[in-house]
Amino acid sequence: MNVALAKTTTGAVLDGTFAAARGRLPGVGTVAETRQQAFDDFARTGLPTRRIEEWKYTDLRNLLRDVAPLAPTPDQAALAQAAKLVEGLGTGDTQKLVIVDGVFAAGLSDLTSGGGVTVHALSAMLDDATSATRADLLRSRVADPMIALNAAFATDGMLIDIADDAAPSRPLHIVHVATRPSVAAFTRSLVRIGNRARVTLVESFVAAEAAKAYQAHDVAVIWIGDDSDLQHVRVMEDAGDAANIATAIVTVGARTKFNTFSLTTGGGVSRYQSFITLAGEDSELLTNSVHLLRDKQHGDCTFVIDHAAPNCLSREVFRSVLDDRAHSVFQGRINVHQVAQKTDGKMMSRSLLLSDEAEIDNKPELEIFADDVQCGHGATIGALDDSLLFYLRARGLPEKAAQALLIQAFVGEALESIASDDLRDVAISAAERWLESRA
Amino acid sequence: MTALLEVKDLQVRVDDREILHGLTMTVNGGEVHAIMGPNGSGKSTLSHVIAGKPGYEVTGGEILFKGEDLLEMEPDERAAKGVFLAFQYPVEIPGVTTMNFLRTAVNAQRKARGEDEYLVPDFLRKVREVAASLNIPMDMLKRGVNVGFSGGEKKRNEVLQMALFQPSLCILDEMDSGLDIDALRVAADGVNALRSPDRAMVVITHYQRLLNYIVPDVVHVMSQGRVVKSGGKELALELEATGYAQYEEVAA
Ligand SMILES: Nc1ncnc2c1ncn2[C@@H]1O[C@H](COP(=O)(O)OP(=O)(O)OP(=O)(O)O)[C@@H](O)[C@H]1O
Ligand SMILES: [Mg+2]
């Protein structure tokens, strides 16, 4: 009874938000219809609650209460702030594609195409009335209320095509900047990578000083062809009271390597859910996810890995360092399809609790329909080792510095998984910012 | 002149059990003191309390370092002021390279003393020099602190740190255990090289042999949480011959 009531309330409020936003959302005809369908899909459940199994530990109705109104189109002041933040990212020489408050900022971005790389703003593609497939840009293979909500509201994002055999010299770098308080941005990017391509993709989430209590809703849909290599690095440093609800939907071809790293230090409420399908044989998936959380931050890292082809390897490692009353969630699900013989899939969750009140929920799941597979999962939860702390302090390190060194050691292995020196340094700097702000 | 280290009537408890029952000892600058005594007599406990390890309750007495109340200081303050303990069982710290650890530690101490941090090239030169003198290959310093080190390598790593930090009070807890004869000589040479009028050493050992290399000015016998006898270096030879039986009775 209560549930139904809550549903209608949220639904009704959102109906208004959607109606108000509709005029501003790019895309006409089929796109508008797809948005309406997506919104209807979302409205059937509303913001997910703990009663939806996949969202059991991240009850958004409770944590978010509502979807904030759509962020206004960024003005000159917002763009100027964003420019400054982008400059300060220190990511070295990357091809920057900047999205400010959910809107692609052409002036801050490098739209150079060439060397097999083509880049477009999603809004332009949705508005392209000559394209028969434009509505597909908003569709996805995963049914989930937050993905549906994103399809309904997505204002902008990137459409990146990487041709067969391409090996762009610079990493592609999508930067999300939030500049305003109490608004929501909905972004959606699609990346299509051909065969025999080698690509590095970076995603950063940053916030200007004034951006508080905002919501970043993002979906990335990625296809990787055969014999390719995608190195993916995501660093989320949203404001500590913001929400970041993001999805990656990745399809991996044959004999391909996909190495993805994500670091979460920001966001009062965050979820990064990845749906990765290993669709071709002999591919390799490595995921390293790190949460560094404090105060009352709630971070959720969810993976659904489908082994849908034989002889693939997947390794998921999740590490969380939790201080104060922070709460981390790790859900890892491996589905091994019947055809996926010789699957080797393992996941591991390691947590370091710096406070008695910090909390971690681990939910590993294996669903195996093939008989010749190796799958496993494990979890460790612990505090910093007192004898190591004392050793360091006896060598002159003050308490916080000794803790910081051990925390760095704890996340170090994950950082090592980043192949590029420049990008590893970016992740290390973000981790260091977190450690320094503890002191 | 104030003594470098004064331990006065020190009483220490662990988990409600008294382990040191009124221990007194004075160490002056330039001196080398040896502490010998049976297993469980409290030698490591004393060294831990001096270094500031948590978990020990000091129920009586005091420890002065250069006239200052050591027990009031955090372990890192003690280190910065020149107290160094070479651990009987050095810990392994995976994920922290020895080099990074050494640099972080040296700079933390320098910062606490209001000195400038080492520049990287200066620091590297210094480490290379000290490591060479102790036969420690630089490759070892690229590994995690003590991770996969042999027992002897761990001990050498302790001496390396001591040589790098240049502390004024060096406590060596069974530095000789696990060292082969050649390594022992190298490590002892490292320690002897540090002997100076304003520095003191407290060498905890079970074996007189170490004291042939590091010749003590004073030898203390500890038994059941007290110093039961002090004497010159000949006391160590005497102990080698007679064992501790007579002292256990004295303490009891
Ligand atoms: N954390 C502790 N909890 C309980 N008892 C302890 C603890 N630490 C030391 N003790 C006890 O205190 C006594 C002294 O131990 P300590 O390690 O100081 O001896 P030691 O003289 O260094 O011995 P050894 O020669 O074997 O190294 C022992 O009986 C030991 O069991
Ligand atoms: Mg001992």
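To start, this report covers the structure provided alongside it. Please read all numbers here as calculations on a predicted model, not as lab measurements. (Residues numbered from 1 in each chain as written. Chains lettered and ligands numbered in written order. Predicted model: local features only at pLDDT ≥ 70, side-chain atom pairs only at ≥ 80, totals over all residues. Heavy atoms only, no water.)

## Concerning the coordination of the magnesium ion (ligand 2)
- Taken together, Ser44 of chain B (OG) and Gln88 of chain B (OE1) make up the full set of protein donors to the magnesium ion (ligand 2), lying 2.0 to 2.2 Å away. Taken together, the positions of Ser44 of chain B in helix α1 (residues 43-51) and Gln88 of chain B in the loop between β6 (83-86) and β7 (93-97) put the pair 44 residues apart, joining distant regions of the chain. (Donors = N, O, S within 2.8 Å, 3.2 Å for Na, K, Ca; no water. Helix = DSSP H or I, 4+ residues; strand = E, 2+ residues; numbered from the N terminus.)

## What to know about the layout of surface pockets
- Its volume calculated, the largest pocket comes out at about 1,500 Å³.
- The set of elements that each furnish at least two residues to the lining of the largest pocket consists of β17 (344-353), α8 (399-416) and α9 (421-438) of chain A together with β7 and α3 (98-112) of chain B.
- A per-element tally of the lining of the largest pocket places α8 of chain A first, with 12 residues.
- When grouped by side-chain class, the residues that make up the lining of the largest pocket number 25 nonpolar, seven polar and 12 charged.
- The space that makes up the second largest pocket amounts to roughly 610 Å³.
- As for the second largest pocket, its lining consists of 26 residues, of which Ala207, Glu237, Asp238, Thr265 and Arg433 of chain A are closest to the centre.
- Put simply, the parts of the chain that give the lining of the second largest pocket at least two residues each are β7 (198-207) and α9 of chain A.
- In terms of residues, the lining of the second largest pocket owes the most to one element, α9 of chain A, which gives five residues. (1 Å grid on protein atoms, 1.4 Å probe; cavity = no way out; pocket = protein on both sides within 12 Å on 5 of 7 lines; lining within 4 Å. Points joined across faces, edges and corners; volume = space filled by probe spheres on them. Nonpolar A, V, L, I, M, F, W, Y, C, P; charged D, E, K, R; others polar.)

## Describing the interface of chain B and chain A
- Listed by partner, the interface residues are 30 residues for chain B and 15 residues for chain A.
- Around 1,800 Å² of area is buried between chain B and chain A when both sides are counted, 71% of it from carbon and sulfur atoms.
- In this structure, the connection of chain B to chain A is made through three salt bridges.
- Between Glu158 of chain B and Arg395 of chain A there is a salt bridge whose closest N-O contact spans 2.7 Å. (Contact = heavy atoms within 4.5 Å. Buried area = accessible area lost by both parts, 1.4 Å probe. Salt bridge = Lys/Arg side-chain N within 4 Å of Asp/Glu carboxyl O.)

## A look at the pattern of salt bridges
All names here are of chain B.
- Applying the stated criterion across every chain yields a total of 34 salt bridges over all chains.
- Across the pair Glu6 and Lys8 runs a salt bridge, and its minimum N-O distance is 3.9 Å.
- What makes Glu6 buried here is its relative accessible area of 19%.
- For Lys8, a relative accessible area of 32% puts it in the partly exposed group.
- Measuring nitrogen to oxygen at the nearest pair gives 3.3 Å for the salt bridge that ties Lys142 to Asp139. (Buried < 20%, exposed > 50% of the residue type's maximum accessible area, 1.4 Å probe, protein only.)

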